Amino acid sequence: MKKSRSRRKTIILGLVIGLLVVVVALIALSFYGKTMMKKIPALSFAEALDYTLKDNPEAIITVGFVKDGQASYTVYGNNSALLAPVPHTYEIGSLTKTITSAMVAKAVQEGKVRLDDTIDAYIALPSGNTYPTIGELVTHTSSYKPHYFEWPMVGNFFSRDNDFYGITTAMLARRLSSLSVSSKRGTYEYSNFGYAVLGLVLQEIYDTEYATLVDAFVRDDFSLRHTYISTMSGDLDNAWDWKRGDAYLSAGGLVSNIEDMLAYAQLQLAGQGFIGASQESLKQIDAATQQFELLDIHPDAIAMAWMWDEQNGMFWHNGATSHYNSYLAFDPVRQMAVVILSNLSPNSRIPATVLGIKLMKELQLF
């Protein structure tokens, strides 16, 4: 009996010590993270890039910019080694939203959609609920949550990185039927769900699935030949899996390469196509956080999907999936743009957004 009690005490003591080790480790990591966070603002673009790529053999980061009417790019690898200028295929995540909003702008120009209309003008939904306008969806001011639970998320948690895989437009429509916008309507809250709804609106008015619509749009309207719905066939690993009919494709389903994204940036600078990002269409939002301020990230206003940084004078948007993160910014006055495409998790050291802001600010000085 004494031996049994002694053994239990030893086991309990071991568990307690193990738990303490984990807690101490988490505190240490948190302290290290906060310490590094404080160092980031003082780093130059080159220093931040070097830190991100140091002893990182899987990393392939492509850095491009447009200045004086010319576009150029460089591909970096482990320890900031210069790699062959190959236009690798990257997931661009939520940069997809800027293209979805451009498709909405085209529909407005064609007279198929009005930004002041509520979504039940285009989607068959039950009466009795209060629905957001198209304009509220494109500016993330609908009061819809970032996403809502659907049963495919359970299987996705165990079998794949993409939480939104297999969530159909029928599931989306059923969820919409049960929702009314809240008293927070008009307040900014970033919503993947809202952009999934915009995809459904486009699908309804054109009677064509979003995947087919967007593939044709980027090809025919923007002449982007290497931007398309992810098929997991790119030259880099760990892409998200999607089905062609998935509802959340319009929020983050596209892949692209640096040549297309630089061409897309030049379209923004020229104001061509159905861009929708202009200072005349800005809606002021309150999205700043202490961490954003520390890292010089300023979501001061929004025009369609594009964020406006008042302090640095540029429109911007970023994107992230499990193993990729991206950033595109353009300064319409100085006529310059920056694109960062990375095959790293957005939580891996310094993300593309911070790298891109640093590069843009350095370019603005000359």
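Structure: above.
Residues numbered from 1 in each chain as written. Predicted model: local features only at pLDDT ≥ 70, side-chain atom pairs only at ≥ 80, totals over all residues. Heavy atoms only, no water.

What to know about the overall build of the protein
Summing up its helical and strand segments, the protein has 12 helices and 12 strands in all. Classification of the 366 residues of the protein by burial places 49% in the buried group. For the protein, the share of sequence-separated contacts (at least 6 apart) that also reach a separation of at least 24 residues comes to 67%. Element-wise, carbon and sulfur atoms account for 56% of the exposed surface of the protein, whose accessible area totals about 17500 Å². (Helix = DSSP H or I, 4+ residues; strand = E, 2+ residues; numbered from the N terminus. Buried < 20%, exposed > 50% of the residue type's maximum accessible area, 1.4 Å probe, protein only. Contact = heavy atoms within 4.5 Å. Areas by Shrake-Rupley, 256 points an atom, 1.4 Å probe, with all protein chains shown as cover.)

A closer look at the environment of Thr-227
Looking at the secondary structure, you find Thr-227 in the loop between α8 (210-220) and β5 (228-229). Within the structure, the side chain of Thr-227 is placed 2.7 Å from the side chain of Ser-256, a separation counted as a polar contact. A polar side-chain atom of Thr-227 sits 2.8 Å from a polar atom in the side chain of Asp-260. (Polar contact = N/O pair within 3.5 Å; in protein donor to acceptor, adjacent residues only side chain to side chain.)

Section: the packing of helix α3 (residues 96-109) against α8
With their axes 11 Å apart at the nearest point, α3 and α8 run at an angle of 85 degrees to one another. In terms of orientation, α3 and α8 fall into the roughly perpendicular class. The segment α3 lies against α8, with Thr-96, Ile-99, Thr-100, Ala-102, Met-103 and Lys-106 engaging Tyr-210, Leu-213, Val-214, Phe-217 and Val-218. For the contact of α3 with α8, a count of residues per class yields eight nonpolar, two polar and one charged. (Axes fitted to C-alpha atoms, helices over the stretch in contact; angles between N-to-C directions. Parallel < 35°, antiparallel > 145°, perpendicular 65-115°, else oblique. Nonpolar A, V, L, I, M, F, W, Y, C, P; charged D, E, K, R; others polar.)

Thoughts on the nonpolar core
In this structure, Ile-119 and Tyr-144 are the most contacted members of the largest nonpolar core, which totals 77 residues. The element best represented in this core is helix α7 (residues 192-206), accounting for eight residues. With sequence-adjacent residues up to four places away left out, Ile-119 is seen in contact with Leu-125, Tyr-131, Pro-132, Ile-134, Leu-137, Tyr-144, Leu-176, Val-197 and Val-201. Core analysis: the next-biggest nonpolar cluster, separate from the first, contains 32 residues, Ile-61, Trp-316, Ala-329 and Ile-350 among them. (Core = buried A, V, L, I, M, F, W, Y, C linked by side-chain atoms within 4.5 Å.)

So, the sheet that holds strand β10 (residues 314-320)
Two strands in a sheet stick together by hydrogen bonds in their backbones, pointing the same way (parallel) or opposite ways (antiparallel). Read from one edge to the other, the open sheet built from nine strands follows the order β3-β2-β1-β12-β11-β10-β9-β8-β7, with strand pairing classed as antiparallel. Taken across any chain shown, the strands that pair with only one partner, and hence form the sheet edges, are β3 (82-83) and β7 (283-284). Strands in contact with helix α2 (residues 45-53) are β1 (61-67), β2 (70-76) and β12 (336-342); relative to β1, the strand with the most contacts, it is inclined by about 160 degrees. (Pairing = 2+ DSSP bridges.)

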